[in-house]
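An overview of the molecular structure
One letter stands for each residue in the lines below.
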Amino acid sequence: MSRLFSVFLIGAVAVAMTTRGGAQAPASAGGSLLVYIGTYTSAGKSKGIYVSKLDTATGTLSPAELAAETASPSFLAVHPTEKFLYAVNETNTFGSQPTGSVSAFAIDRTTGLLQPLGQQSSEGPGPAHLSVDKAGKNVLVANYGGGSVVVLPINAKDGRLKSASHFVQHKGHSVDPQRQKEPHAHSITSDPSGRFVYVADLGLDWIVIYQLDERKGLLNLNEPPNAHVEPGAGPRHFSVHPSGRYGYVINEMNCTVTAFTRDTNSGALKELQTISALPPKVQMQPAFSGAELELHSSGRYLYTSIRGHNSIALFTIDQNTGRLTYVDSTPTQGDTPRGFGIDPEGKYLLAGNQNSDSVVVFRIDSQTGKLTATGSKIDVASPVSIQFVK
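Residues numbered from 1 in each chain as written. Predicted model: local features only at pLDDT ≥ 70, side-chain atom pairs only at ≥ 80, totals over all residues. Heavy atoms only, no water.

**A few points about the packing of aromatic side chains**
By the definition in use, this model includes 3 aromatic pairs. Relative to Phe 260, the ring of Phe 238 has its centre 6.3 Å away and its plane inclined at 55°; by these criteria the two rings are tilted. Here Phe 260 lies in strand 21 (residues 256-262) and Phe 238 lies in strand 19 (residues 235-240), a separation of 22 residues in the sequence. Like Phe 238, the residue Phe 260 is buried in the burial classification. (Phe/Tyr/Trp six-rings, centres within 6.5 Å; stacked < 30°, edge-to-face > 60°. Helix = DSSP H or I, 4+ residues; strand = E, 2+ residues; numbered from the N terminus. Buried < 20%, exposed > 50% of the residue type's maximum accessible area, 1.4 Å probe, protein only.)

What follows is the structure, encoded as structure tokens:
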């Protein structure tokens, strides 16, 4: 498909726009969920995407098995039909191109294995995040290394990916000369309506806002086009509250969470609050960095992971204002909790400890949101992200 070329000006920054099987996995059954775990393969300990089974009555995970072999599938996304799974391949090479790639898989919900459906270029180096739009028509990809985002249409018949229908290159920088001398698109997510797409760009200290044309696979810059966080904060992962009225971002570089009110008609964000994700008596340290942010399905709780401090922070959400109140932090029983996942019913949180090669299960108290370890812990090499399939 031919590229589309146009230029938008966001504030003072120009944005240019151009248009493999594994071992047998446990079977999914009633009262259980398939758990897919994305990993880094660069250290040679992991081979790709792994699958486990979560017993939703006991909070116990079965031993992880290889579901599909592929290079550094660090972040995963499941299609709304739960028939397909997509993974970024966080590399800088795709064939002869200096870009990363995105892999598509068909999900066998009997065995948990993944059938490869091919790859497409991410059109930029270092893809770090992806999501599927609400209609299930497109995969949206954020290239951290390249500071760009791309839309890959999904073939409606078989779930395979088509080549890019739209590519957007962010341009600019923020205040940190090492980490923010160029753009770094770190996450790309849609709002509950599917109309708006939010990109947390760590290098710009912005949440860039787009309108998505699902049918054509186009990202059109919104008006207003962005929201700012504190200079040097480094926004990483952004999520919209289930009500659609609020948005939240975990800031990697200073371990804070910024809350926004959100106009559901225009998609605009207005900063409401910035709050530390560290306990009150813990000072920020160079080894600490914010990683994942997840909203509970009830809309009452927000969780963040902090690497270095090796904890999951819990916040309650005021349903009338969207403001956050820090509650406590729970140790993840491992080193470097890069990613975690909350099951669809909101009963369990699974924390992946990247540098200690483990996934630990915590039960969520429905009345308080607090976490209690179930005692279930499995070995997975370099876990990064976690997705659930019924």
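**Observations regarding the pattern of salt bridges**
Tallied over the entire structure, the rule returns 7 salt bridges. Note that Arg 109 is salt-bridged to Glu 82, the shortest N-O span being 3.6 Å. Of the two residues, Arg 109 sits in the loop between strand 9 (101-107) and strand 10 (114-121) while Glu 82 sits in the loop between strand 7 (76-78) and strand 8 (84-89), which places them 27 residues apart along the sequence. With relative accessibility at 14%, the residue Glu 82 sits in the buried group. Put simply, Glu 252 and Arg 307 hold a salt bridge, and the shortest N to O gap is 3.6 Å. With a gap of 55 residues between them, Glu 252 in the loop between strand 20 (246-251) and strand 21 and Arg 307 in strand 24 (residues 301-307) connect regions that are remote in the sequence. (Salt bridge = Lys/Arg side-chain N within 4 Å of Asp/Glu carboxyl O.)

**What to know about the pairing of strand 20**
When you tally the buried positions in strand 20, you get 6 out of 6 residues, the bulk of the element. Pairing of strand 19 with strand 20, which is carried by 5 bridges, proceeds in the antiparallel orientation. What sits directly across from Phe 238, in strand 20, is Val 249. Hairpin remark: strand 19 followed by strand 20, antiparallel, with 5 residues in the connecting loop; positive phi at Gly 244, about 85°. For strand 20 and strand 21, the ladder comprises 6 bridges, and the chain directions are antiparallel. The partner of Tyr 246 across the bridge, within strand 21, is Thr 261. Between strand 20 and strand 21, which pair antiparallel one after the other, the connecting turn spans 4 residues, and Cys 255 there sits at a positive phi close to 55°. (Pairing = 2+ DSSP bridges.)

**Thoughts on the layout of surface pockets**
There is about 1,400 Å³ of room inside the largest pocket. For the largest pocket, the lining is made up of 39 residues, of which Val 78, Thr 189, Ser 239, Glu 294 and Gln 387 are closest to its centre. At the level of secondary structure, the elements contributing two or more residues to the lining of the largest pocket comprise strand 7, strand 11 (127-132), strand 15 (185-190), strand 19, strand 23 (289-295), strand 27 (337-342) and strand 31 (383-389). Split by residue class, the lining of the largest pocket holds 18 nonpolar, 14 polar and 7 charged. (1 Å grid on protein atoms, 1.4 Å probe; cavity = no way out; pocket = protein on both sides within 12 Å on 5 of 7 lines; lining within 4 Å. Points joined across faces, edges and corners; volume = space filled by probe spheres on them. Nonpolar A, V, L, I, M, F, W, Y, C, P; charged D, E, K, R; others polar.)

**Description of the pairing of strand 21**
Of all 7 residues that make up strand 21, 6 are buried, and the element is covered over most of its length. As paired elements, strand 21 and strand 22 (residues 269-276) share 7 bridges and run antiparallel to each other. Bridge pairing links Val 257 to Ile 275 in strand 22. Counting the residues that bridge the hairpin from strand 21 to strand 22 gives 6 residues, and of these Gly 267 lies at a positive phi of roughly 80°.

**Here we look at the nonpolar core**
Side chains of a nonpolar character, in soluble globular proteins, are inclined to be buried together. Within the largest apolar cluster, 19 residues are counted, with the highest numbers of intra-cluster contacts made by Tyr 248, Val 257, Leu 302, Ile 306, Phe 315 and Leu 324. Sorting the residues of this core by element identifies strand 20, strand 21, strand 23, strand 24, strand 25 (311-317) and strand 26 (324-331) as the ones contributing at least two each. Membership of the second largest hydrophobic core comes to 18 residues, among which are Ala 77, Phe 84, Ala 104 and Leu 130. (Core = buried A, V, L, I, M, F, W, Y, C linked by side-chain atoms within 4.5 Å.)

**What about the sheet that holds strand 15?**
Taken in spatial order, the 4 strands of this open sheet run 15-16-17-18, and their pairing is antiparallel. Each end of this open sheet is capped by a strand with a single partner; those strands are strand 15 and strand 18 (218-228). Ignoring which end each strand starts from, the neighbouring axes of this sheet average 25° apart. Where strand 17 (residues 206-213) and strand 18 come together, 7 bridges link them in antiparallel fashion. Counted as the bridge partner of Ile 207 is Ala 227 from strand 18. (Axes fitted to C-alpha atoms, helices over the stretch in contact; angles between N-to-C directions.)

**Quick word on the environment of Glu 223**
Secondary-structure assignment places Glu 223 in strand 18. Take Glu 223: its relative accessible area is 64%, and that puts it in the exposed class. Sequence separation of Glu 223 and Gly 267 is 44 residues, and the distance between their C-alpha atoms is 8.3 Å.

**Some words on unusual backbone geometry**
Geometrically, the link from Glu 223 to Pro 224 is a cis peptide bond, its omega value of 5° lying close to zero. Within the secondary structure, Pro 224 sits in strand 18. Not every positive phi belongs to a glycine, and Glu 123 is a case in point at roughly 65°. In this fold, Glu 123 is placed in the loop between strand 10 and strand 11.

Remember that the coordinates give geometry; whether it matters functionally is a separate question.
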